[in-house]
Amino acid sequence: MSDVDVAELPAFPFLSPRAQPFVPVGEPDLARLDGPVTRVRLPFGGWAWLVTRHADVRALLRAPGLSSNPYRPGFPVLNPIPPEQESAAGAFIYLDGVEHSRLRKMLLPEFMLRNIRRIEPLIEQTVVDALERMRAAGPPADLISSFALPVTSMTICHLLGVPYAEHERFQRQSLAIMDRASGPAEINAALGDLGALLFELIQAKRVEPGDDLLSRLTVDYVVPGELGVEELLGIGMLLLIAGHETTANMIGLSVLALLEHPEHLAALRDDPERAPDLVEELLRYLTVVRAGLPRLALEDIEIGGQRIRAGEGVVAMLPLANRDPAVFPDGDRLDPGRADVHQHLAFGFGVHQCIGQPLARAELRIALVELARRLPDLRCAVPAGEVPWRPNAVTFGLAELPVTWATRPAPPGSDDAARAGDAGADRAGRR
Ligand code: HEM
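Everything numeric in this text was worked out from a predicted model, so none of it was measured.

A. Seen up close, the coordination of the iron atom of the ligand. Here the protein supplies the iron atom of the ligand with just one donor, Cys354 (SG), and that contact is 2.3 Å long. Summarising the element assignment, Cys354 is placed in the loop between helix 12 (318-321) and helix 13 (357-374).

Here it is, written out as structure tokens:
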């Protein structure tokens, strides 16, 4: 390790080139990678191996002897990590081995497809309400704040049993937590506030449980003493943050990508059955976890012919694996008819693979189908290259998506007119 000249290595994480949000790694950065498994310089000091091929990323993420715990010395830290604290003990994305599987197992039933199907009508209603509110207010609109964020935060609130009235508070706090520019004090304050919100809710649910995830975990595990309240707080924070931020970013970027490719939007409008394949291709093409997944090797392993030694950091570079020509020919092209699209690694792979993927898929599918149907002439209000994105965000996303559309009054008595009226009434009710 001592013979590595860290200053000479390519700086990581890479940024998308200016005005090219769909290019995860620009040519100059790609040109500096001298092999499929190669060293990069980390933002907070030191270096790590970057693994870029699809087969190697899969092999890496299922290898035993890797840690996801950012508090272990030598871990390749990509984002500011708050000081270790008890209230994050249940954030199982950072746990290894049996500690991880014990908590993950408690949550798996909640995210099974048949449970997600149960909340699809609520997602549908939330999507329709948000679109009709946008339509009623008239163009232009910011699709992120008027559509992507309300849809995903309303859904996660419903699933967890968090009152929607709190959504601005947790959106603000999770933006701070998921921002590489945030300092430790800011992150701590945001985590403290989220913890306080969840603690109050959990106490109330002990007395009066509802039909929601936090109530079920409280009754089934906290009350019998199998799960600490601190652990449940960590689980709640992880789900609140992971559950709306990534999906909101995916919705915003998907809409921008489809506005750039109106033929795919028209095809979806004509045949909503195309939505599942389109969603998979968008997950691959956009890969919002752009900086990939960091791990620490606890034992020597060999990946793609390269020996990685115990104590070295390694990053599974999802966006490059998702454009590996060996699996996705012409991978820089958005192609909803692509064979093997289900091989994509946008949700990770192995023991930490995203637990929320059935929910994310349902939200994306419903959001895109309804948007194509209800706002058929939607277009970007600025040139696509000028749409602002969040350069410091941990998951890649747009800061805003200015959109516009032609206004046509809904014929009186039509379904749409009635829904617009309902949406207005619903909005008034929520105030
Ligand atoms: C399009 C949306 C989403 C994307 C692209 C995404 C991506 C990912 C990825 C790449 C991982 C693996 C992390 C690792 O291996 O270190 C992950 C894990 C996780 N995701 Fe998602 N996610 C999405 C939506 C969601 C939603 C909606 C939820 C919850 C409601 C969620 C909850 C989680 C949790 C709890 C983990 C940790 C799993 C574990 O460590 O066992 N995600 N996600």
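We are not done yet, so read on.
B. A look at the environment of Arg62. Considering the arrangement of structural elements, one finds Arg62 in the loop between helix 2 (54-61) and strand 3 (66-67). Classification of Arg62 as exposed rests on a relative accessible area of 51%. Sequence separation of Arg62 and Val351 is 289 residues, and the distance between their C-alpha atoms is 7.1 Å.

C. A look at the pattern of salt bridges. Across all of its chains, the model carries 22 salt bridges by this definition. Residues Glu120 and Arg365 are paired through a salt bridge, measuring 2.8 Å at the closest nitrogen-oxygen approach. Residue Glu120 is located in helix 4 (residues 113-137), and its partner Arg365 is located in helix 13; the two are separated by 245 residues in the primary sequence. Taking relative accessible area as the criterion, Glu120 reaches 18% and is therefore assigned buried. Residue Arg365 is classed as partly exposed on the basis of its relative accessible area of 28%. Residues Arg307 and Asp300 are paired through a salt bridge, measuring 3.7 Å at the closest nitrogen-oxygen approach. A relative accessible area of 39% means that Arg307 is categorised as partly exposed. Within this structure, Glu132, Arg135, Glu370, Arg373 and Arg374 form a network of salt bridges that share partners.

D. The sheet that holds strand 9 (residues 379-380), seen in detail. Strand order in this open sheet of three strands is 4-10-9, and the pairing throughout is antiparallel. Single-partner strands in this sheet number two, and they are strand 4 (141-142) and strand 9. Pairing analysis gives two bridges linking strand 4 to strand 10 (residues 402-404), with the strands arranged antiparallel. Considered in strand 10, the bridge of Asp142 is made with Pro402.

E. Spatial organisation of the site of the ligand. Near the ligand you find 29 residues, and of these His100, Arg104, Arg295, His352 and Cys354 are the closest. Here Arg104 contributes a side-chain N or O atom positioned 2.7 Å from an oxygen atom of the ligand. Take His352: an N or O atom from its side chain is 2.6 Å from an oxygen atom of the ligand. Of all elements in the fold, only helix 3 (97-107), helix 9 (229-260), strand 5 (293-297) and helix 13 reach the threshold of two or more residues within the shell around the ligand.

F. Quick look at the packing of helix 7 (residues 184-207) against helix 9. As a packed pair, helix 7 and helix 9 sit with axes 9 Å apart at the nearest point and diverge in direction by 115°. For the crossing formed where helix 7 meets helix 9, the hand is right-handed. Contacts between helix 7 and helix 9 involve Leu191, Leu194, Gly195, Leu198, Phe199, Ile202 and Arg206 from the former and Val229, Leu232, Leu233, Gly236, Met237, Leu240 and Ile241 from the latter. Of the residues that constitute the contact of helix 7 with helix 9, the class distribution is eleven nonpolar, two polar and one charged.

G. Spotlight on the pairing of strand 2 (residues 47-51). The buried fraction of strand 2 amounts to five of the five residues, a majority that puts the element mostly inside the structure. Across five bridges, the pairing between strand 1 (residues 37-41) and strand 2 is antiparallel. If you follow Val37 over to strand 2, its bridge partner there is Val51. Between strand 1 and strand 2, which pair antiparallel in sequence order, lie five residues; one of them, Gly45, sits at a positive phi of approximately 105°. Bridge analysis of strand 2 against strand 8 (residues 313-316) gives three bridges, and the strand direction is parallel. Paired with Trp49 across the strands is Val314, a residue of strand 8.

Definitions and cut-offs
- Residues numbered from 1 in each chain as written.
- Predicted model: local features only at pLDDT ≥ 70, side-chain atom pairs only at ≥ 80, totals over all residues.
- Heavy atoms only, no water.
- Donors = N, O, S within 2.8 Å, 3.2 Å for Na, K, Ca; no water.
- Helix = DSSP H or I, 4+ residues; strand = E, 2+ residues; numbered from the N terminus.
- Buried < 20%, exposed > 50% of the residue type's maximum accessible area, 1.4 Å probe, protein only.
- Salt bridge = Lys/Arg side-chain N within 4 Å of Asp/Glu carboxyl O.
- Pairing = 2+ DSSP bridges.
- Near = heavy atom within 4 Å.
- Polar contact = N/O pair within 3.5 Å; in protein donor to acceptor, adjacent residues only side chain to side chain.
- Axes fitted to C-alpha atoms, helices over the stretch in contact; angles between N-to-C directions.
- Left-handed = near helix turned anticlockwise from the far one by under 90°.
- Contact = heavy atoms within 4.5 Å.
- Nonpolar A, V, L, I, M, F, W, Y, C, P; charged D, E, K, R; others polar.

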